[in-house]
Amino acid sequence: MKDKETLFREKAATYLCCYNNHCPRHAQCLRWEVGTFTDPNQHITTCISPHYAKSLDGSCEHFRDNRPQRMPVGMKHFYHDMPNSIERAIKNTLISHSCRATYYKYHRGDHPIVPKVLADIQSVCQQFGWTQPLKFDTETEDYLW
């Protein structure tokens with residue numbers, strides 16, 4: 001991962017930022033923190049309205065935690081211990097929940113498996129009776145953009 005300042009400066013040009021210093025959760029919000037790295041010469045940016053009512057009471061649905069999260073990456077050995085019938089059922093269900101291309105991006109390790117997707121994978125595995133620990137290729141720590 002790039003150093004934080006470089007990463008945030010690059011992201012600030014296109015990310016949905018927040019500039020509301022009155023939000024009670026701004027100090028923990030990734031969108032607010034990235035907004036502090038906006039290029040001062042950039043005169044137009046995409047941002048959350050500073051008057052947005054939910055940001056003033058701390059219930060903004062655009063809030064993103066500014067702490068990096070640990071996430072699994074890659075599923076090349078995911079199915080090795082599973083019986084063939086369970087493997088096929090899980091794989092087909094996971095593909096149907098997004099699409100084939102997205103599934104294979106996670107499978108190859110092109111994208112880390114974000115918590116929402118991980119919860120779905122765990123739920124599908126339990127649905128088909130697989131209760132063993134899930135095997136991913138590796139882990140990474142990254143921001144949930």
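Residues numbered from 1 in each chain as written. Predicted model: local features only at pLDDT ≥ 70, side-chain atom pairs only at ≥ 80, totals over all residues. Heavy atoms only, no water.

**A short note on the nonpolar core**
This is how the line gets drawn: Here, nonpolar core refers to any group of buried Ala, Val, Leu, Ile, Met, Phe, Trp, Tyr and Cys residues whose side-chain atoms link them within 4.5 Å. Summary of the burial criterion: residues with accessible area below 20% of their type's maximum are buried, those above 50% are exposed, and those between are partly exposed, where the area comes from a 1.4 Å probe applied to protein chains only.
Ranked by size, the top nonpolar core spans 16 residues in total, and within it Met75, Phe78, Tyr79, Met82, Ile90 and Leu94 carry the most contacts. Counting nine residues, the second-largest nonpolar core is a separate cluster that includes Leu7, Cys17, Phe37 and Tyr143.

**Overview of helix α5 (residues 100–108)**
Short version of the rule: Each helix is a run of DSSP H or I of at least 4 residues and each strand a run of E of at least 2, with the numbering of both proceeding from the N terminus. As used here, the arc is the angular range of directions from the helix axis to the C-beta atoms.
All of the buried residues along α5 are Tyr103, Tyr106 and His107. One face of α5 carries all of its buried residues, which in axial projection span an arc of 100°. Of the residues flanking the end of α5, it is Gly109, one or two places downstream, whose phi is positive at about 90°.

**Notes on the pattern of salt bridges**
Any two side chains of opposite charge can pair, given that their charged atoms come close. Rules: When a carboxyl oxygen of Asp or Glu is within 4 Å of a side-chain nitrogen of Lys or Arg, the pair counts as a salt bridge.
Going through the model one piece at a time under the given rule, you end up with seven salt bridges. The salt bridge involving Arg70 is made with Glu141; its shortest N-O contact spans 3.8 Å. Note that Arg70 is positioned in strand β3 (residues 69–73) and Glu141 in strand β4 (residues 138–142), a separation of 71 residues in sequence. Note on Glu141: relative accessible area 38%, which makes it partly exposed. One salt bridge connects Arg108 with Asp110, and the closest N-O pair in it is separated by 2.7 Å. In the salt-bridge network here, residues are joined through shared partners; they are Arg70, Glu139 and Glu141.

**Topic: the environment of Arg88**
Inspection of the secondary structure assignment puts Arg88 in helix α4 (residues 84–97). Linking Arg88 and Ser123, residues 35 residues apart in sequence, is a C-alpha distance of 15 Å.

**Topic: the packing of α4 against helix α6 (residues 115–127)**
Definition in use: Axis definition: a line fitted to C-alpha atoms, limited for helices to the stretch in contact. Angles are taken between N-to-C directions and run from 0 to 180 degrees. Handedness of a helix crossing follows the sense of rotation of the near helix relative to the far helix, less than a right angle counterclockwise being left-handed and clockwise being right-handed. Contacts were defined at the residue level, with two residues in contact if any of their heavy atoms lie within 4.5 Å. The residue classification treats Ala, Val, Leu, Ile, Met, Phe, Trp, Tyr, Cys and Pro as nonpolar and Asp, Glu, Lys and Arg as charged. All others, Gly included, are polar.
As a packed pair, α4 and α6 sit with axes 10 Å apart at the nearest point and diverge in direction by 140°. The way α4 lies across α6 gives a crossing that is right-handed. Packed against α4, whose contacting residues are Ile90, Thr93, Leu94 and His97, the element α6 presents Asp120, Ile121, Val124 and Cys125 at the interface. Tallied by class, the residues present in the contact of α4 with α6 amount to five nonpolar, two polar and one charged.

**Here we look at α4**
The following threshold applies: In this analysis, the expected span of each helix is defined as 1.5 Å times one less than the number of residues it contains.
In this model, α4 (14 residues) spans 20 Å end to end at C-alpha, consistent with the 20 Å of a helix rising 1.5 Å per residue. Turning to α4, its buried residues number three or more, namely Ile86, Ile90, Thr93, Leu94 and Ile95. On its buried face, α4 sits against α5 and α6.

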